[in-house]
Amino acid sequence: IVAAIICIIVIAYKGLNLGLDFTGGVSAEINYSQPVQQVQVIDALSEAGFKDPVVQFLGTQRDLIVRMPAQEGEDLAARLTKAVQLSGNTATVQKVDAVGSQVGSELYVRSFGAIALSLLLMLIYVTIRFEFKLAMGAVIALLHDTIITVGIFAIFGWPFDLTVLAAVLALIGYSLNDSIVVSDRIRENFRKIRGAEPIEVIDISLTETLRRTIMTVATLLLVVLAMLFLGGDGLFWFAVAMLVGLFVGTYSSIYIGTAYALWRGLNRQDFVVQVKPEFDEDNVM
């Protein structure tokens, strides 16, 4: 609760370091005849008067994408084509796209609307699949994961763009999957174990699923670390968001989702199918 409140305050007052996808700007794809270094392109653009260019590779060191804030002046495509030409390395600008601030703001609102809608649909799914107390615990855990991950980006001022948003949505799916595995074992043990207190049943269920959780996190961690160190600039912040969310999402499934359900009085009666009384012909007569 304390960590979530701190993150909410930072997000509200400091805000996010929004990328060009949300603030608007210029995006261009460039193809070079020879491999090129990102620093060379950035220096060439800066010398030509372009402000704050961000250069990323697109698969090879000859194909790049350039992102910049909205630039002043006319005939942007011609100026950009002239600026990116390097000595002995001819550049071809494939396309230039300009995203207005109004479009970026609309995309920003829709993105967080997508997160809210996904949380609502997951609440409905887990309620139908298991029980409302577990569903509320799972959604609170997912909301916690989202707030903490986004809050850490706000605290450190890391850039928040569509790739980071994609990581947040992926983390929601990952964390929900973990919560469903735990909830399924809790339901099974409540029906199987008789005479035990609810906290004992939940403790047993978490212990039985702990090995699976550790193996899943370790496997996914290898992939995330590979993207972080080998994926280049295009996947760097996606991997950072995934790395933060992995840690947050793992403990939330254990300590938040189940703790809330236990606090709401989860017990064996929530999972036992109530048998209707049999038809008694004598009483009817």
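Residues numbered from 1 in each chain as written. Predicted model: local features only at pLDDT ≥ 70, side-chain atom pairs only at ≥ 80, totals over all residues. Heavy atoms only, no water.

### What to know about the overall build of the protein chain
Then comes step 1: When helices and strands are tallied, the protein chain shows ten helices and six strands.
Then comes step 2: Scaling as 2.2 N^0.38, a compact globule of 285 residues should have a C-alpha radius of gyration of about 19 Å, whereas the protein chain reaches 26 Å, well beyond that.
Then comes step 3: In terms of its C-alpha atoms, the protein chain occupies a principal-axis envelope of roughly 100 × 40 × 35 Å.
Then comes step 4: Each of the 285 residues in the protein chain was classed as buried or not, and the buried ones make up 40%.
Then comes step 5: Of the contacts made within the protein chain by residues no fewer than 6 positions apart, 74% connect residues no fewer than 24 positions apart.
Then comes step 6: Looking at the protein chain as shown, the accessible area adds up to about 16,100 Å², and 62% of this sits on carbon and sulfur atoms.
Then comes step 7: Side-chain charges of the protein chain comprise 20 positive and 27 negative groups, with the mean position of each set lying 3 Å from the other. (Helix = DSSP H or I, 4+ residues; strand = E, 2+ residues; numbered from the N terminus. Rg over C-alpha atoms; globule rule 2.2 N^0.38 Å. Buried < 20%, exposed > 50% of the residue type's maximum accessible area, 1.4 Å probe, protein only. Contact = heavy atoms within 4.5 Å. Areas by Shrake-Rupley, 256 points an atom, 1.4 Å probe, with all protein chains shown as cover. Lys, Arg positive; Asp, Glu negative; His and termini not counted. Charge placed at Lys NZ, Arg CZ, Asp CG, Glu CD.)

### Brief notes about empty space enclosed by the protein
Then comes step 1: Summed over the entire model, instances satisfying the criterion amount to one cavity of 30 Å³ or more.
Then comes step 2: In this structure, the largest cavity occupies an estimated 50 Å³ of space.
Then comes step 3: Taken together, L134, G137, A138, S179, V182, S183, S253, G257 and T258 make up the lining of the largest cavity.
Then comes step 4: Residue assignment for the lining of the largest cavity shows that the elements contributing at least two residues are α6 (132-156), α7 (162-192) and α9 (233-263).
Then comes step 5: Classifying every residue of the lining of the largest cavity by side-chain character gives three nonpolar, six polar and no charged. (1 Å grid on protein atoms, 1.4 Å probe; cavity = no way out; pocket = protein on both sides within 12 Å on 5 of 7 lines; lining within 4 Å. Points joined across faces, edges and corners; volume = space filled by probe spheres on them. Nonpolar A, V, L, I, M, F, W, Y, C, P; charged D, E, K, R; others polar.)

### Description of the packing of aromatic side chains
Then comes step 1: All told, the structure shown has eight aromatic pairs when counted by the stated rule.
Then comes step 2: Here F247 and Y251 contribute two aromatic rings whose centre-to-centre distance is 5.5 Å and whose plane-to-plane angle is 65°, an arrangement assigned as edge-to-face. Within this pair, F247 and its partner Y251 are both found in helix α9, separated by four residues, close to a single helical turn.
Then comes step 3: Classification of Y251 by relative accessible area gives partly exposed; the value is 25%. (Phe/Tyr/Trp six-rings, centres within 6.5 Å; stacked < 30°, edge-to-face > 60°.)

### Examining the pairing of strand β3 (residues 54-58)
Then comes step 1: Here β3 pairs with strand β4 (residues 60-68) via five bridges, running antiparallel. Among the inter-strand pairings, L58 is bridged to a residue of β4, identified as T60.
Then comes step 2: Hairpin geometry of β3 and β4 is characterised by an intervening segment of one residue between the two adjacent antiparallel strands and by a positive phi of about 90° at G59. (Pairing = 2+ DSSP bridges.)

### So, the nonpolar core
Then comes step 1: L134, I186, F190 and L266 are the most contacted members of the largest nonpolar core, which totals 45 residues.
Then comes step 2: Of all the elements in the fold, those that place two or more residues in this core are α5 (101-129), α6, α7, α8 (198-230) and α9.
Then comes step 3: If you tally residues by element for this core, the top one is α7, at eleven residues.
Then comes step 4: For L266, the contacting residues outside a window of four places in its chain are E131, K133, L134, I186, F190, P198, I202, A261 and F271. (Core = buried A, V, L, I, M, F, W, Y, C linked by side-chain atoms within 4.5 Å.)

### As for the environment of V2
Then comes step 1: Relative to the helices and strands, V2 is located in helix α1 (residues 2-13).
Then comes step 2: Remark: the alpha-carbon pair of V2 and A135, spanning 133 residues in sequence, is separated by 22 Å.

### Focus: the packing of α8 against α9
Relative placement of two packed helices is described by the angle separating their axes and the distance separating the axes.
Then comes step 1: Two numbers describe how α8 lies on α9: the axes approach to 11 Å, and their chain directions differ by 180°. On the basis of their axis angle, the class for α8 and α9 is roughly antiparallel. (Axes fitted to C-alpha atoms, helices over the stretch in contact; angles between N-to-C directions. Parallel < 35°, antiparallel > 145°, perpendicular 65-115°, else oblique.)

### Considerations on the side chain of T213
Then comes step 1: In this structure, T213 sits in helix α8.
Then comes step 2: With near-sequence residues (within four places) excluded, T213 lies in contact with D178 and T250.

### Considerations on the environment of Y13
Then comes step 1: Examined against the element boundaries, Y13 turns out to sit in helix α1.
Then comes step 2: Taking C-alpha positions, Y13 is 43 Å from L86, a pair spaced 73 residues apart along the chain.

Shape descriptors only; they carry no functional weight alone.
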